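# Report on the structure
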Amino acid sequence: MSIRVAILYLFTSFILFYAFKDWFVSLCGLIFLMSIIEYEDMPKNLLDIQGLNPWNVLFLAICLAWLVSRRRQGLTWDMPRNVNMLLLLYLGVILVGVLRALSSGGNMGWRGVSGLINDQLINSIKWVLPGILLFDGCRTRRQVLMALVCILAMQL
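All values reported here derive from a predicted model rather than from experimental measurement. (Residues numbered from 1 in each chain as written. Predicted model: local features only at pLDDT ≥ 70, side-chain atom pairs only at ≥ 80, totals over all residues. Heavy atoms only, no water.)

## Concerning the overall build of the protein chain
Selection rule: A run of H or I in DSSP becomes a helix once it reaches four residues, and a run of E becomes a strand once it reaches two; helices and strands are each numbered from the N terminus. Each residue is placed in one exposure class: buried if its accessible area under a 1.4 Å probe, protein chains only, is under 20% of its type's maximum, exposed if it is over 50%, and partly exposed if it falls in between. Here, two residues are considered to be in contact whenever any of their heavy atoms come within 4.5 Å of each other. Per-residue and other accessible areas were derived by the Shrake-Rupley procedure at a 1.4 Å probe size, with only the shown protein chains allowed to occlude residues. Working convention for charge: Lys and Arg count positive, Asp and Glu count negative, and His plus the chain ends are omitted. Every charge is mapped onto a representative atom, which is NZ of Lys, CZ of Arg, CG of Asp or CD of Glu.
Counting its regular elements, the protein chain contains 7 helices and 2 strands. When the helices and strands of the protein chain are listed from N to C terminus, the series reads α-α-β-β-α-α-α-α-α. The dimensions of the protein chain, computed from C-alpha atoms along their principal axes, are 50 × 45 × 30 Å. Sorting the 156 residues of the protein chain into buried and exposed places 33% on the buried side. Taking as baseline every contact in the protein chain between residues at least 6 positions apart, the subset at least 24 positions apart corresponds to 68%. Accessible surface, the protein chain as shown: approximately 10300 Å² in total, 68% of it carbon and sulfur. Positive and negative side-chain charges of the protein chain, numbering 13 and 8 respectively, have mean locations separated by a distance of 10 Å.

Listed below in structure tokens is the structure:
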């Protein structure tokens, strides 16, 4: 294990445990991790399980912390109706595309059905969800500035 991977595991572990104290700060850390997720030495799986990587584990923990926090604070969904409709249309297009590819049968390439579902369905949805969580979490000026800095830091 390289030093960079060890630092990644330490950073991910810290963010994971901090998520249950302040899920928004952890979400900003997760968004920053998006900038390094495709590096060649970034672990692609843990325990040889496809899809179980540090980013996905952290994302799942942040989603759970977000749900707990929303229930505790009694917040309502306040995303504009037009944006909700666009997100549902996006989901519909993704689902139709995956169902169409599944129904074609033999033209799925070397990855097969599980690869198709993982790459085209799950990954297409999972990259949109942090943005939705970010929108829901930006409720104060401080949080908006933190999100902005984090998004800009992705480009470094």
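Let us keep going from here.
## Some points on the packing of helix α4 (residues 81-104) against helix α5 (residues 112-126)
What counts, and what does not: Axis angles are defined between N-to-C directions and span 0 to 180 degrees, where every axis is a line fitted to C-alpha atoms and, for a helix, only to the segment in contact. In what follows, roughly perpendicular refers to angles from 65 to 115 degrees, roughly parallel to angles under 35, roughly antiparallel to angles over 145, and oblique to any angle outside these ranges. The nonpolar class holds Ala, Val, Leu, Ile, Met, Phe, Trp, Tyr, Cys and Pro. Asp, Glu, Lys and Arg form the charged class, and all remaining residues, Gly among them, are polar.
It is the contact of α4 with α5, at a shortest axis distance of 10 Å, that shows an interaxial angle of 175 degrees. On the basis of their axis angle, the class for α4 and α5 is roughly antiparallel. Residues Tyr90, Leu91, Ile94, Leu95, Val98, Ala101 and Leu102 of α4 touch α5, and the partners they reach there are Val113, Leu116, Gln120, Leu121, Ser124 and Ile125. Tallied by class, residues from the contact of α4 with α5 come to 11 nonpolar, 2 polar and no charged.

## Description of the pattern of salt bridges
When the charged atoms of two side chains lie near each other, side chains of opposite charge can form a pair. Note the cut-off: Here, a salt bridge means any Lys or Arg side-chain nitrogen found within 4 Å of an Asp or Glu carboxyl oxygen.
Taken as a whole and assessed by the stated rule, the structure comprises 3 salt bridges. Linking Asp136 and Arg70 is a salt bridge whose minimum nitrogen-to-oxygen distance equals 2.7 Å. Within this pair, whereas Asp136 is found in helix α6 (residues 129-137), its partner Arg70 is found in helix α3 (residues 54-73), the two being separated by 66 residues in sequence. Here Asp136 and Arg70 have matching classes, each one buried. The residue Asp136 makes a salt bridge to Arg139 at a minimum N-O spacing of 2.8 Å.

## Comments concerning the nonpolar core
To keep it simple, the criterion reads: Throughout this description, the term nonpolar core refers to a set of buried Ala, Val, Leu, Ile, Met, Phe, Trp, Tyr and Cys residues connected via side-chain atoms within 4.5 Å.
One finds Trp23, Leu27, Leu30, Trp55, Leu58, Ile62 and Leu133 to be the most contacted residues of the largest nonpolar core, which totals 26 residues. Counting residues per element, the ones that place at least two in this core are α1 (3-18), α2 (23-33), α3, α6 and α7 (141-153). The greatest single-element share of this core, amounting to 8 residues, is contributed by α3. Non-local contacts of Leu27, meaning those with residues more than four positions away in its chain, are made with Ile62, Pro130, Leu133 and Leu134.

## Quick look at the side chain of Asp136
We apply this condition: Any pair of N or O atoms that falls within 3.5 Å is considered a polar contact. Within protein, one atom must be able to donate a hydrogen and the other to accept it, and sequence-neighbouring residues count only if both atoms are side-chain atoms.
The exposure class of Asp136 is buried, given its relative accessible area of 1%. A distance of 2.7 Å separates a polar atom in the side chain of Asp136 from a polar atom in the side chain of Trp66. In this structure the side chain of Asp136 is engaged in a polar contact, spanning 2.7 Å, whose partner is the side chain of Arg70. The contacts of Asp136, once residues within four sequence positions are left out, are Trp66, Arg70, Trp77 and Asp78.

## A short note on α7
Quick reminder of the rule: To estimate how far a helix should reach, multiply one less than its number of residues by 1.5 Å.
If you check α7, its first and last C-alpha atoms are 18 Å apart, about what 13 residues at 1.5 Å a residue would give, namely 18 Å. For α7, the elements touching its buried residues are α2 and α6.

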